[in-house]
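# Summary of structural features
Here are the chains, one letter per residue:
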Amino acid sequence: MGLSKYHIGELVELYSQRCDISNLIPEQVSGINIDKEFFEPARQVGDDTSGYKVVPPNYFACNLMHVGRDEVLPIALNHSGKNKVVSPAYSVFKLKNENHIIKEYFFILLKSAEKDRYFWFHTDSSIRQGLSWEDFCDIDITLPSIEQQRKYVDVYLSLQNNLATYQSKVDDLKLVCDGYLDQLKESCEKKRIGAVGIFRG
């Protein structure tokens, strides 16, 4: 399987569109959580949000200034099908094309703990320990063929779907168990803990 090396800057390009809405509330602004997914509402918003950035579907957003502080690359891919709005601190970008890399594969690559350490290693020595856009673009990544990338993406998405299904079943089971415990609380005889007795070996 042949591998090819690229600078990230060869594959991506910045995107900058202001939302031009000055009074957004936290529920209308997205942040990025530790799982590298968008979440709403944001923790806080500024007094004037007109300079906040739009993240269209299939575009990325990342906060390069927090790489050194968090030792993680806070990045997310907008796969929601609708625009997101993020703080001006975020860099918003898209792939130039998918001739060399699939966006889902790029995202999987950047979600790994190994890549987090790699990006953290490249942070500057400033107080905020940020990573500049230029430095981000100058970092190398090694890619397999498009065909291999599609295979990896298919396997990853299949595992994610299975995990979501299992989690749903666990949540259903927890609901049943909680309901049963509530029923026992109402139907069983109540005793003071001191009256139960202590087992002594």
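Data block above holds the structure.
Residues numbered from 1 in each chain as written. Predicted model: local features only at pLDDT ≥ 70, side-chain atom pairs only at ≥ 80, totals over all residues. Heavy atoms only, no water.

### Remarks on the overall build of the protein
From N to C terminus, the protein includes six helices and ten strands. Here the protein has a C-alpha radius of gyration of 23 Å; the compact-globule value for 201 residues is 17 Å, and the former is much larger. In terms of overall dimensions, the protein has C-alpha extents of about 70 × 50 × 35 Å along its principal axes. The buried share of the protein, reckoned over its 201 residues, is 34%. Here the contacts in the protein between residues at least 6 apart in sequence split such that 74% fall between residues at least 24 apart. Carbon and sulfur atoms make up 52% of the accessible area of the protein, which totals about 13200 Å². Seen as two clouds, the 24 positive and the 28 negative side-chain charges of the protein have centres 6 Å apart. (Helix = DSSP H or I, 4+ residues; strand = E, 2+ residues; numbered from the N terminus. Rg over C-alpha atoms; globule rule 2.2 N^0.38 Å. Buried < 20%, exposed > 50% of the residue type's maximum accessible area, 1.4 Å probe, protein only. Contact = heavy atoms within 4.5 Å. Areas by Shrake-Rupley, 256 points an atom, 1.4 Å probe, with all protein chains shown as cover. Lys, Arg positive; Asp, Glu negative; His and termini not counted. Charge placed at Lys NZ, Arg CZ, Asp CG, Glu CD.)

### Describing the packing of aromatic side chains
Counted according to the given criterion, the structure contains eleven aromatic pairs. On the numbers, 5.1 Å between centres and 10° between planes, the contact of Phe60 with Phe93 is stacked. In this pair, Phe60 sits in strand β6 (residues 60-62) while Phe93 sits in strand β9 (residues 91-95), placing the two residues 33 residues apart along the sequence. Across the pair, Phe93 and Phe60 agree in class, each one buried. Note on Phe93 and Trp133: the rings are 5.6 Å apart at their centroids and 50° apart in plane angle, and the pair reads as tilted. Of this pair, Phe93 sits in strand β9 while Trp133 sits in helix α4 (residues 133-138), and the two are 40 residues apart along the sequence. Trp133 carries the same exposure label as Phe93, and that label is buried. Joined through ring pairs, the aromatic side chains of Phe60, Phe93, Phe106, Phe107, Tyr118, Phe119, Trp133 and Phe136 make up one cluster. When the ring centre of Tyr118 is taken as origin, the NZ or CZ atom of Lys115, which lies over that ring, is 5.8 Å away. (Phe/Tyr/Trp six-rings, centres within 6.5 Å; stacked < 30°, edge-to-face > 60°. Lys NZ or Arg CZ within 6 Å of the ring centre and 35° of its normal.)

### Topic: the environment of Lys94
Among the secondary structure elements, Lys94 is positioned in strand β9. Take Lys94: its relative accessible area is 25%, and that puts it in the partly exposed class. It is 4.9 Å that separates the C-alpha atoms of Lys94 and Tyr59, two residues lying 35 residues apart in sequence. Discounting residues that sit within four places of it in the chain, Lys94 has contacts with Leu11, Val12, Glu13 and Tyr59.

### Some details on the sheet that holds strand β7 (residues 75-77)
Strand order in the open sheet formed by four strands is β2-β9-β6-β7, and the pairing between neighbours is antiparallel. Whereas interior strands pair on both sides, the edge strands pair on one side only; in this sheet they are β2 (12-14) and β7. Strand-to-strand, the axes of this sheet are offset by a mean angle of 30°, without reference to chain direction. For β2 and β9, the ladder comprises three bridges, and the chain directions are antiparallel. For Leu14, the partnering residue across the bridge sits in β9 and is Phe93. The sheet strands contacting helix α2 (residues 103-111) are β2, β6, β7 and β9, and the helix crosses β7 at an angle near 155°. (Pairing = 2+ DSSP bridges. Axes fitted to C-alpha atoms, helices over the stretch in contact; angles between N-to-C directions.)

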